[in-house]
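So you can see what is in the structure, the chains are spelled out below.
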Amino acid sequence: MKADPTQQLLLLDVQTCDIKLSQIQHSIAALPEHEQIAELESREPGLRAELASVEAEAGGLKQGAERVDVDVEQVRARVSKDEAAIASGALGAKELEAMQHELVSLARRQKELEDEELEILQGLEDVQTKVKGLRGELDEIAAVKAGLVASRDAKVGEFQAQMR
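Computed from a predicted structure; not experimentally measured.

How two helices sit against one another is set out by the angle between their axes and by the gap between those axes. Their axes nearest at 6 Å, the elements helix α2 (residues 32–88) and helix α3 (residues 93–163) cross at an angle of 160°. In terms of their interaxial angle, α2 and α3 are classed as roughly antiparallel. The crossing of α2 and α3 is left-handed. Its residues assigned to classes, the contact of α2 with α3 comprises 30 nonpolar, 8 polar and 27 charged.

Our next topic: the nonpolar core. When a protein is soluble and globular, its nonpolar side chains tend to lie buried together. Grouped together as the largest cluster of nonpolar side chains are 13 residues, with contacts concentrated most on Leu 47, Leu 51, Val 54, Val 127, Val 131 and Leu 134. Of all elements in the fold, only α2 and α3 reach the threshold of two or more residues within this core. Per element, the largest residue contribution to this core is 7 residues, and it comes from α3. Among all residues touching Leu 47, those that are not within four sequence positions of it are Leu 134, Glu 137, Leu 138 and Ile 141.

Relative to the assigned elements, Lys 145 resides in helix α3. With sequence-adjacent residues up to four places away left out, Lys 145 is seen in contact with Ile 37, Leu 40, Glu 41 and Glu 44.

Pairing is possible between side chains of opposite charge, provided their charged atoms come close. Evaluated as defined, the whole model comprises 16 salt bridges. Between Arg 67 and Glu 116 there is a salt bridge whose closest N-O contact spans 3.4 Å. Of the two residues, Arg 67 is situated in helix α2 and Glu 116 in helix α3; the sequence distance between them amounts to 49 residues. Exposure remark for Glu 116: the relative accessible area of 30% places this residue in the partly exposed category. Arg 78 serves as the salt-bridge partner of Asp 82, at 3.3 Å between the closest nitrogen and oxygen. Of this pair, Asp 82 and Arg 78 both sit in helix α2, 4 residues apart, which is roughly one turn of that helix. With a relative accessible area of 2%, Asp 82 lands in the buried category. Each of Glu 41, Glu 44, Arg 48 and Lys 145 takes part in a single network of salt bridges with overlapping partners.

What follows deals with the environment of Leu 103. Note on placement: Leu 103 falls in helix α3. When the C-alpha atoms of Leu 103 and Val 144 are compared, they prove to be 60 Å apart, with 41 residues separating the residues in sequence. The contact partners of Leu 103, leaving out residues within four places of it in the chain, are Val 79, Asp 82, Glu 83 and Ile 86.

Rules of the game
- Residues numbered from 1 in each chain as written.
- Predicted model: local features only at pLDDT ≥ 70, side-chain atom pairs only at ≥ 80, totals over all residues.
- Heavy atoms only, no water.
- Axes fitted to C-alpha atoms, helices over the stretch in contact; angles between N-to-C directions.
- Helix = DSSP H or I, 4+ residues; strand = E, 2+ residues; numbered from the N terminus.
- Parallel < 35°, antiparallel > 145°, perpendicular 65-115°, else oblique.
- Left-handed = near helix turned anticlockwise from the far one by under 90°.
- Nonpolar A, V, L, I, M, F, W, Y, C, P; charged D, E, K, R; others polar.
- Core = buried A, V, L, I, M, F, W, Y, C linked by side-chain atoms within 4.5 Å.
- Buried < 20%, exposed > 50% of the residue type's maximum accessible area, 1.4 Å probe, protein only.
- Contact = heavy atoms within 4.5 Å.
- Salt bridge = Lys/Arg side-chain N within 4 Å of Asp/Glu carboxyl O.

Any functional reading would require information beyond the geometric quantities listed.
Next comes the structure, spelled out in structure tokens:
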């Protein structure tokens with residue numbers, strides 16, 4: 001049984017449209033932006049986890065610096081008190097000698113604490129630089145991804161217009 005020639009032409013038109021739709025769908029699926037976006041998205045969780053870890057490290061260093069700063073202030077207060085006691089002239093020879101030894105010991109302790117504080121602050125500066133770099137990298141990924149999404153969406157829109 002033979003089909004009517006007009007129906008055969010209609011079937012050929014449907015087949016042509018179906019092939020064109022398949023080609024358009026394949027072109028949409030094969031856009032390079034999909035792969036590029038996926039690659040950027042795969043990097044984000046690792047960077048965010050590293051950022052959280054580095055920010056936690058920065059918090060710990062800040063607390064350490066604050067603790068050491070309190071210790072330095074306590075030593076300074078003790079030095080001031082001892083110096084005031086020495087300056088008052090109300091101390092006996094033994095007490096004066098003990099106070100002077102304590103001042104030497106306090107000066108040594110203060111220097112140790114100040115050195116420790118400087119090390120912590122240097123470490124904090126390094127960590128804050130790393131935080132800034134990670135945030136910059138995440139911002140860059142977001143910007144590049146936004147551009148890729150816009151490009152992909154524009155191309156998909158063009159393909160969808162061809163489907164109509």
